[in-house]
Amino acid sequence: MPGTWITTRAWLLMLPLLVVMIAVIGWPLVDTVRLSFTDAKLVGTAGGFVGLDNYAKMLGGSNFQRALITTTWFAVVSVAAEMVLGVLAALLLNQQFRGRTALRALMILPWALPTVVNATLWRLIYNPEYGALNAALTQLGLLDSYRSWLGEPGSALIALIVADCWKNFPLVALIALAALQAVPRDITAAALVDGAGPFNRFRYVIMPYLAGPLLVALVLRTIEAFKVFDIIWVMTRGGPANSTRTLSILVYQEAFSFQRAGSGASLALIVTLLVTILAIAYAALLRRAAGAS
Amino acid sequence: MERQNPVFTAFVYLSALLLAIVILAPLAWLFVMSISSAADLSAKPLNWWPDEIDLSRYRALLSTIENTAGAAFVASLLNSLKVAGMATLAAVAVAIPAAWAVSRTPTVSWSLYAVIATYMLPPVALAVPLYMGLAYLGLLNSVFGLALVYLTILAPFTTWLLKSGFDSIPREIESAAMIDGARLDQILRLLTLPLAAPVMATSALFAFLLAWDEFFYALLFTSDLRAKTLTVAIADLAGGRVSDYGLIATAGVLAALPPVLIGLVMQRALISGLTSGGVKG
């Protein structure tokens with residue numbers, strides 16, 4: 001069969017998917033670009049062309065800069081904590097002990113819990129009057145009086161990060177565990193015989209096997225964390241005093257709460273650009289890591 | 001694999017216990033809240049286990065008497081089922097031919113990267129035109145409109161999963177059948193698709209879970225019982241008006257039950273999916 005016909009046939013088979021993708025992704029993305037150069041409102045006025053005004057206004061505003069810092073802080077701290085906790089949990093689950101299979105099955109639970117349910121659960125745990133965290137810390141003598149964990153700008157973001165980590169580190173652990181199980185036993189045994197200490201064994205024997213899968217997890221988790229919306233919306237709505245307002249929350253407020261579709265679109269594209277830069281940087285990193293191993 | 005040092009063994013068991021507590025404590029507390037009376041939940045010091053098990057919220061939320069919290073909850077449950085079900089079916093339907101084509105045709109495999117790249121787009125980049133488009137079509141606050149929007153997430157995702165599924169089915173089987181004179185539609189219908197059935201089922205379940213979880217678009221595009229999904233209903237409950245924390249917890253337990261059960265049943269598929277992803281990295 002000639003190659004061109006096979007290629008044509010492939011495109012024909014992909015046609016339904018392409019039509020769907022153009023309708024629900026391609027067209028909206030292009031229209032977001034168009035809107036970002038207008039002063040359109042969400043409902044009613046179509047808006048006129050305003051050039052780069054929206055971009056200048058958004059990039060220059062303190063709201064964007066603060067949301068960018070909040071988002072970066074959230075992404076860096078939560079992903080770093082998830083990686084460390086995930087690898088530690090995987091190293092543990094890679095040991096032989098009774099109940100190991102059951103413990104590994106438990107790790108599925110936080111992953112499977114819907115994000116909104118997770119956010120709701122932690123909101124209840126952090127409740128300033130009746131929350132379990134206040135009760136537990138007070139009963140253990142670690143806290144004098146009940147605190148409003150989500151109500152104080154100083155603690156709200158950290159409280160959110162803890163809730164996010166709890167849901168996501170088990171997935172990192174399962175990915176790392178799968179990688180650990182690919183490490184050949186005789187290599188670790190040989191390193192042990194050669195007198196390598198635990199740290200050196202981890203660094204030089206195990207880490208080469210972990211690096212690739214962990215990098216993939218790091219990429220996906222960072223991009224997810226940078227786009228974060230659900231958990232923050234349910235737990236704090238960006239408050240108190242905008243201390244947990246990330247970029248996605250800011251876009252939501254601009255485009256939907258204030259119904260400024262034009263400037264909301266420009267902000268959304270700035271976020272998209274940032275995520276794309278992240279993704280490209282990571283792709284380069286991944287390619288280099290793949291070349292090295 | 002490690003030395004059988006008793007101190008090390010004790011350390012392993014202590015760490016395992018700690019990990020189990022970290023994972024289970026919040027989940028257990030969600031369940032305890034759902035069966036505790038309001039008095040137990042507002043007691044100081046807090047009652048960690050209820051004096052009497054109170055299942056009234058489960059009855060209340062699952063009742064269909066009109067204009068109650070239960071009717072709203074059941075309606076949102078049904079909406080979630082409808083939206084996730086329709087979106088999953090549509091996504092799998094368009095993804096199967098595309099994934100097979102990409103898997104068997106090296107000259108178009110680059111298009112898969114374009115499809116996966118869209119998966120990284122933040123939903124906010126599409127939300128405003130989608131809102132205006134749905135409004136124009138009269139599909140705001142409709143399960144059909146929301147299911148359509150969910151294709152932005154599910155279509156690339158299922159195509160990606162199915163493509164790696166088709167990759168694992170040797171194409172030699174298809175070539176052999178072709179030499180025997182079978183037509184392409186016969187090969188796909190009688191050979192490839194039956195072989196890919198487990199992968200298709202797994203992909204569909206993952207897609208369903210993704211739609212069941214979705215919150216952002218549901219929050220934007222639905223406004224009342226006709227289309228509000230479970231995630232939005234729970235966020236509404238958590239957001240204020242309800243003062244009975246046990247009721248919120250019960251809604252959470254009920255919403256978490258299907259994905260948690262699916263997750264436990266599918267752990268093997270999930271873990272092998274993670275492994276193959278890892279190998280590729």
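For the structure given in this document, a descriptive report is provided here. Keep in mind it's a predicted model, so treat the numbers as computed, not measured.

**A closer look at the overall build of chain B**
Working step 1: The number of helices and strands found in chain B is 13 helices and 0 strands.
Working step 2: Across chain B, helices and strands are ordered from the amino to the carboxyl terminus as α-α-α-α-α-α-α-α-α-α-α-α-α.
Working step 3: Taking 281 residues into account, the globule formula puts the C-alpha radius of gyration at 19 Å, and chain B, at 24 Å, lies well above it.
Working step 4: If one aligns the C-alpha atoms of chain B with their principal axes, the spans along those axes are about 75 × 70 × 35 Å.
Working step 5: Counting all 281 residues of chain B, 43% fall into the buried class.
Working step 6: A sequence separation of at least 24 residues applies to 70% of the contacts in chain B between residues at least 6 apart.

**Observations regarding the nonpolar core**
Working step 1: Membership of the largest hydrophobic core comes to 169 residues, with the highest contact counts inside it found for Tyr150(B) and Leu151(B).
Working step 2: Looking at which element gives the most residues to this core, the answer is helix H8 (residues 153-180) of chain A, with 18 residues.
Working step 3: The contacts of Tyr150(B), once residues within four sequence positions are left out, are Val83(B), Ala87(B), Ala211(B), Glu214(B) and Tyr217(B).

**So, unusual backbone geometry**
Residues and elements named next belong to chain A.
Working step 1: Residue Pro-240 is bonded to the preceding Gly-239 through a cis peptide linkage, with omega at -15°.
Working step 2: As for its placement among the helices and strands, Pro-240 is situated in the loop between helix H11 (230-235) and helix H12 (247-257).
Working step 3: In this structure, Gln-259 is a non-glycine residue whose phi angle is positive, near 60°.
Working step 4: Mapped onto the elements, Gln-259 comes out in the loop between H12 and helix H13 (261-292).

**Describing the interface of chain B and chain A**
Working step 1: The interface is formed by 75 residues belonging to chain B together with 79 residues belonging to chain A.
Working step 2: Top contributing element to the side of chain B that touches chain A by residue count: helix H1 (residues 6-35) of chain B, with 13 residues.
Working step 3: Residue composition of the side of chain B that touches chain A, by class: 57 nonpolar, 16 polar and 2 charged.

**Topic: the environment of Leu35(A)**
Working step 1: Tracing the sequence through the fold places Leu35(A) in helix H1 (residues 3-36).
Working step 2: When the 27 C-beta atoms within 10 Å are taken as the criterion, Leu35(A) is described as buried.
Working step 3: Along the sequence, Leu35(A) and Ala10(A) sit 25 residues apart, while their C-alpha atoms lie 34 Å from each other.
Working step 4: Apart from residues lying up to four places away in sequence, Leu35(A) is in contact with Ala40(A), Ala261(A), Gly262(A), Ala265(A), Val128(B) and Pro129(B).

**Describing helix H9 (residues 185-193) of chain A**
Working step 1: Little of H9(A) is tucked away: 0 of the 9 residues are buried.
Working step 2: Two residues or fewer past H9(A), Gly195(A) is found with a positive phi of approximately 85°.

**Observations concerning the packing of helix H3 (residues 62-93) of chain A against helix H10 (residues 198-226) of chain A**
All names here are of chain A.
Working step 1: Where H3 meets H10, the axes come as close as 9 Å, and the angle between the chain directions of the two elements is 150°. Judged on the interaxial angle alone, H10 and H3 are roughly antiparallel. Crossing angle aside, the handedness with which H3 passes H10 is right-handed. Seen from H3, the contacting residues are Thr-71, Phe-74, Ala-75, Ser-78, Val-79, Glu-82 and Met-83; seen from H10, they are Leu-214, Leu-218, Arg-221, Thr-222, Ala-225 and Phe-226.
Working step 2: Grouping the amino acids of the contact of H3 with H10 by side-chain chemistry returns 8 nonpolar, 3 polar and 2 charged.

So, how was this worked out
- Position numbers for residues count from 1 along each chain, tracking the sequence in the order it is written.
- Labels follow written order: the first chain is A, the first ligand is 1, and so on.
- Per-residue local features of the predicted model are confined to residues with pLDDT of at least 70, and side-chain atom pairs are confined, for both listing and counting, to 80 or more; whole-chain, interface and lining totals are unaffected and use all residues.
- In this text, helices come from DSSP runs of H or I with a minimum length of four residues, and strands from runs of E with a minimum of two, each type numbered from the N-terminal end.
- Radius of gyration means the value over C-alpha atoms here, while the globule rule gives 2.2 Å times the residue count to the 0.38 power.
- Any residue with 12 or fewer other C-beta atoms within 10 Å of its own C-beta is exposed, any with 20 or more is buried, and the rest are partly exposed; the C-beta atoms used are placed from the backbone.
- What counts as a contact here is a pair of residues whose C-beta atoms, placed from the backbone, lie within 7 Å.
- In this usage, the nonpolar core is the set of buried Ala, Val, Leu, Ile, Met, Phe, Trp, Tyr and Cys residues whose C-beta atoms join them within 7 Å.
- Residues are grouped as follows: Ala, Val, Leu, Ile, Met, Phe, Trp, Tyr, Cys and Pro are nonpolar; Asp, Glu, Lys and Arg are charged; all remaining types, including Gly, are polar.
- All axes here are fitted lines through C-alpha atoms, helices being fitted over the stretch that makes contact, and every angle between N-to-C directions spans 0 to 180 degrees.
- Working rule for angles: under 35 degrees goes down as roughly parallel, over 145 as roughly antiparallel, 65 to 115 as roughly perpendicular, anything else as oblique.
- A crossing counts as left-handed when the near helix is turned anticlockwise from the far one by less than a right angle, and as right-handed when that turn is clockwise.

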